[in-house]
Amino acid sequence: PPDGTLAGLLARNARSRGTFRSAAGVEVPHTFDLLPMYGRTALLATVPATDRREPQNLLQRLTVFGRAPGGIEMLSDVTTSADEAYRPAGASRLIGAVLRAARAIGEDLSFEPSNELLWARVRQRFEAMMKQLWEAEALRGSSPAEAFQVRCDRATISQADLDAGRVVVEMQMEVAAAIESIRVTLALSEGGRVEQLAAGGAP
């Protein structure tokens, strides 16, 4: 089935090239035929939009396998997200990796008192993580300062957050696969639980 083939292809792509890199154009091994086989005309035909998005073709809306000069390849690597910043699947997988790393940070710091010292430690940990992503070329920018921003202070944490034992971190990253930047707001709660408060493209 195509879903099993897709899962294996994405896993191999993540291990060899990084989960944030698109798998479009990657050859699909051990696959000899496709059913149904869509031709170029069908793949590029406009699909009417069912929401506020502009009409798009199949390659822009679905992950598609198809024939290429070198054999059967993954022709598109996208999600069905309504947010254009999340449409490239590599960007969506990158956010998933950030959330997993955030959970680990939250577990490490879950028993610390919420004050300026903790907030500084949270910023340092998240900045170190984001710098690793920048060094791996998951983020664009000539320097870390251009590639991402991390905020965790009185501007992101309200008194209600303090009373609830919640630390709020806001990150903005220039994702290499996306046209615009992505802003993610996370809440690190007691017990190391991480909650995604908001995410989306930022102009």
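The notes below deal with the structure included here.

## Side note on the nonpolar core
Phase 1 of the analysis: If you look at the biggest cluster of nonpolar residues, it comprises 34 residues, and the most contacted ones within it are L94, V122, F126, M130, M171 and M173.
Phase 2 of the analysis: Mapped onto this core, the elements with two or more residues apiece are α4 (89–109), α5 (116–135), β5 (148–151), β6 (167–173) and β7 (181–188).
Phase 3 of the analysis: For this core, the element with the highest residue contribution is α4, accounting for eight residues.
Phase 4 of the analysis: Discounting chain neighbours no more than four positions away, the residues touching F126 are A102, I105, V150, V169, M171, L186 and L188.

## Here's the deal with unusual backbone geometry
Phase 1 of the analysis: Residue H30 is not a glycine yet carries a positive backbone phi of 60 degrees.
Phase 2 of the analysis: Along the polypeptide, H30 turns up in the loop between α1 (2–17) and α2 (40–44).
Phase 3 of the analysis: Given a relative accessible area of 75%, H30 falls into the exposed group.
Phase 4 of the analysis: Although it is not a glycine, E137 sits at a positive phi angle of roughly 70 degrees.

## Concerning the side chain of S76
Phase 1 of the analysis: Structurally, S76 can be placed in strand β4 (residues 71–76).
Phase 2 of the analysis: For S76, the side chain forms a polar contact with the main-chain oxygen of L62, separated by 2.6 Å.
Phase 3 of the analysis: In this structure the side chain of S76 is engaged in a polar contact, spanning 3.1 Å, whose partner is the backbone nitrogen of V64.
Phase 4 of the analysis: Excluding its chain neighbours within four sequence positions, the residues that come into contact with S76 are A24, L59, L62, T63 and V64.

## What to know about the packing of α4 against α5
Phase 1 of the analysis: The N-to-C vectors of α4 and α5 enclose an angle of 145 degrees; their axes lie 11 Å apart at closest approach. Of the two possible hands of crossing, α4 and α5 adopt the one that is right-handed. Across the interface between the two elements, L94, V98, A101, A102, I105, D108 and L109 from α4 touch L118, R121, V122, R125, F126, M129 and L133 from α5.
Phase 2 of the analysis: Each residue belonging to the contact of α4 with α5 can be placed in one class, and the counts come to eleven nonpolar, no polar and three charged.

Cut-offs and rules
- Residues numbered from 1 in each chain as written.
- Predicted model: local features only at pLDDT ≥ 70, side-chain atom pairs only at ≥ 80, totals over all residues.
- Heavy atoms only, no water.
- Core = buried A, V, L, I, M, F, W, Y, C linked by side-chain atoms within 4.5 Å.
- Buried < 20%, exposed > 50% of the residue type's maximum accessible area, 1.4 Å probe, protein only.
- Helix = DSSP H or I, 4+ residues; strand = E, 2+ residues; numbered from the N terminus.
- Contact = heavy atoms within 4.5 Å.
- Polar contact = N/O pair within 3.5 Å; in protein donor to acceptor, adjacent residues only side chain to side chain.
- Axes fitted to C-alpha atoms, helices over the stretch in contact; angles between N-to-C directions.
- Left-handed = near helix turned anticlockwise from the far one by under 90°.
- Nonpolar A, V, L, I, M, F, W, Y, C, P; charged D, E, K, R; others polar.

Keep in mind these numbers describe shape, not what the thing actually does.
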